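# Close look at the chain arrangement
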Amino acid sequence: MEINTANEIISLIRDENDSEIKRIYYLYRESFFRYGISRFELDENILSDIYQESFISLYDNIKKGRLTHLSCSLKTYLFKIGTNQILSFLRKNDKHPHFPITQSITELESYYSSDEWTMIQEIIFRTVSVLEYPCNKIFSLFYWKQKRMNEIAHIMGYKNEQVAKNRKSICLKNLKEQVMEKLKKEDLL
């Protein structure tokens, strides 16, 4: 049977179509593992448990009538449950979530409530606004003035582009540590 919409899947689960439930369970499992490994650096054993708990939550939401219609794909809904479970796991085990630099602000924002997200933005803004020289200058040249690293090296009086890259890397590492420490202190990680 070909399934076209999330709402058809909801009907199949509600009707307890065991073969379709099993098929749906395995339909997104591997992509969830790839997602969990690449985004959060978790191993497959942990992700297996989290995926199973997420699918059970999805199933329970449908069976108890809390989920009757979706405006997004079932995969999106299931991954949102899974992401929340992963973040809960990371908090319980005192680990920091891994958010790659390529992840968009919109994706990061979706992991937190709006109040939490506002607090995170304020903490980051305050931390960046009090950066000292040379980090504040390097970040300004690179992020706001869009200068290339060889230009930054020349402006800053560094020996070469590699020195500028190294300095920027050190500044980013220090900034990340400061932000993480403040987020942890505010119980946002």
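Figured I'd write up the structure that's included with this text. (Residues numbered from 1 in each chain as written. Predicted model: local features only at pLDDT ≥ 70, side-chain atom pairs only at ≥ 80, totals over all residues. Heavy atoms only, no water.)

A word on the nonpolar core. Counting residues in hydrophobic clusters, the biggest one holds 28 residues, and the most contacted among them are Phe 32, Tyr 51, Phe 55, Leu 58, Leu 74 and Ile 86. When residues of this core are traced back to their parent elements, those giving at least two are helix H1 (6-14), helix H2 (18-27), helix H3 (29-40), helix H4 (44-63) and helix H5 (74-92). When residues of this core are assigned to their parent elements, the largest contribution, seven residues, is made by H5. In terms of nonpolar packing, the next biggest core, distinct from the first, is built from 18 residues, Ile 120, Ile 138, Met 156 and Leu 175 among them. (Core = buried A, V, L, I, M, F, W, Y, C linked by side-chain atoms within 4.5 Å. Buried < 20%, exposed > 50% of the residue type's maximum accessible area, 1.4 Å probe, protein only. Helix = DSSP H or I, 4+ residues; strand = E, 2+ residues; numbered from the N terminus.)

Once that is clear, we can look at helix H9 (residues 149-156). Among the residues of H9, those classed as buried are Met 149, Ile 152, Ala 153 and Met 156. All buried residues of H9 fall inside an arc of 100 degrees around its axis, so they share one side. In the stretch just after H9, Gly 157 is the one whose phi turns positive, near 80 degrees. (Arc of directions from axis to C-beta.)

What follows concerns the side chain of Lys 168. Mapped onto the elements of the fold, Lys 168 is located in helix H10 (residues 161-185). In this structure, Lys 168 is buried with no salt-bridge partner, the nearest side chain bearing the opposite charge being Glu 161 at 10 Å. In this structure Lys 168 touches Ile 138, Phe 139, Phe 142, Tyr 143 and Met 149, once residues within four positions along its chain are discounted. (Lys, Arg positive; Asp, Glu negative; His and termini not counted. Salt bridge = Lys/Arg side-chain N within 4 Å of Asp/Glu carboxyl O. Contact = heavy atoms within 4.5 Å.)

Moving on, we come to the pattern of salt bridges. With the rule as written, the count across this model stands at five salt bridges. For Lys 63, the salt bridge is made with Glu 16, and the minimal N-O distance between the two is 2.7 Å. Separated by 47 residues along the polypeptide, Lys 63 in helix H4 and Glu 16 in the loop between H1 and H2 bring together distant segments of the chain. Residue Lys 63 is classed as partly exposed on the basis of its relative accessible area, which comes to 32%.

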